[in-house]
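Observations on chain architecture
Next come the chains, spelled out residue by residue.
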Amino acid sequence: MARVRPYRESDLHKLEELFRRNFPDLLLPDLRGESSDLNLVLEDAQGELQMAVVGGLFPAAFPLIDPNARIAEAEREDFSALLAAAEQELREKKIAPCILVLWLPEKQLIRRLLVEGLGFINYRNQTPYAKFVEQSVMATKQ
């Protein structure tokens, strides 16, 4: 079973490696979670990193999955769990309302349909996807 956890310094090398594999044409962003307001990773049952959400005023999610892997229902559940944790952290740190940006490799149509089902919007079929994260009603009343 996959789990969401905070970024650790030891994750950086693997995050950079997976980013280059998934996004060979993009400039490598700063993936150091300790320098960000949002710093969560998703790891599988074996402890391998699958995905990360890092960022400050412009939080960004990078799916770090084997581009050739079959998509399973568990992947949707895992991404949903990471997304829920990220949105909660954005609210708790009072970063929300904000835009959460999701980068997906262009050739992953099935994964694109998956994230659209989770509320992400792609403008004119361009990368990246975006989702507006609102501050919760309860948090704004406090």
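Up top is the structure.
Before going into details, it helps to say that this report is about the structure given with it.

Reading the values: the criteria
Residues numbered from 1 in each chain as written. Predicted model: local features only at pLDDT ≥ 70, side-chain atom pairs only at ≥ 80, totals over all residues. Heavy atoms only, no water. Helix = DSSP H or I, 4+ residues; strand = E, 2+ residues; numbered from the N terminus. Buried < 20%, exposed > 50% of the residue type's maximum accessible area, 1.4 Å probe, protein only. Areas by Shrake-Rupley, 256 points an atom, 1.4 Å probe, with all protein chains shown as cover. Expected span 1.5 Å × (residues − 1). Arc of directions from axis to C-beta. Salt bridge = Lys/Arg side-chain N within 4 Å of Asp/Glu carboxyl O.

Looking only at helices and strands, the protein chain has four helices and seven strands in total. In the protein chain, the succession of helices and strands from N to C terminus is β-α-β-β-β-α-β-α-β-β-α. Taking all 142 residues of the protein chain together, 42% fall into the buried category. Surface summary for the protein chain: the accessible area is close to 8400 Å², and the carbon and sulfur share equals 54%.

On to helix α2 (residues 73–92), then. Its 20 residues place the ends of α2 29 Å apart at the C-alpha level, agreeing with the 28 Å of an ideal helix rising 1.5 Å per residue. Those residues of α2 lying buried are Glu75, Phe79, Leu82, Leu83, Ala86, Glu87, Glu89 and Leu90. Along the axis of α2, the buried positions cluster into a sector of 160°, meaning they face one direction only. Residues of α2 that are exposed and angled more than 90 degrees away from the buried face: Glu73 and Glu92. Lys94 sits one or two residues past α2 and shows a positive phi near 60°.

Time to look at the pattern of salt bridges. Applying the stated rule across the entire model yields nine salt bridges. One salt bridge connects Lys93 with Glu89, and the closest N-O pair in it is separated by 3.0 Å. One continuous salt-bridge network, built from bridges that share partners, spans Arg3, Arg5, Asp11 and Glu43.

So, about helix α1 (residues 12–22). Within α1 the residues assigned to the buried category are Leu15, Leu18, Phe19 and Asn22. Looking straight down α1, one finds that the buried residues subtend no more than 105° of arc, so they occupy a single side.

What follows covers the environment of Lys94. Summarising the element assignment, Lys94 is placed in the loop between α2 and β5 (98–102). For the pair Lys94 and Gln135, spaced 41 residues apart in sequence, the C-alpha separation works out to 7.7 Å.

Now for the environment of Leu104. With respect to the helices, strands and loops of the structure, Leu104 is situated in the loop between β5 and α3 (109–116). As for Leu104 and Phe23, which are separated by 81 residues in sequence, their C-alpha atoms are 8.1 Å apart.

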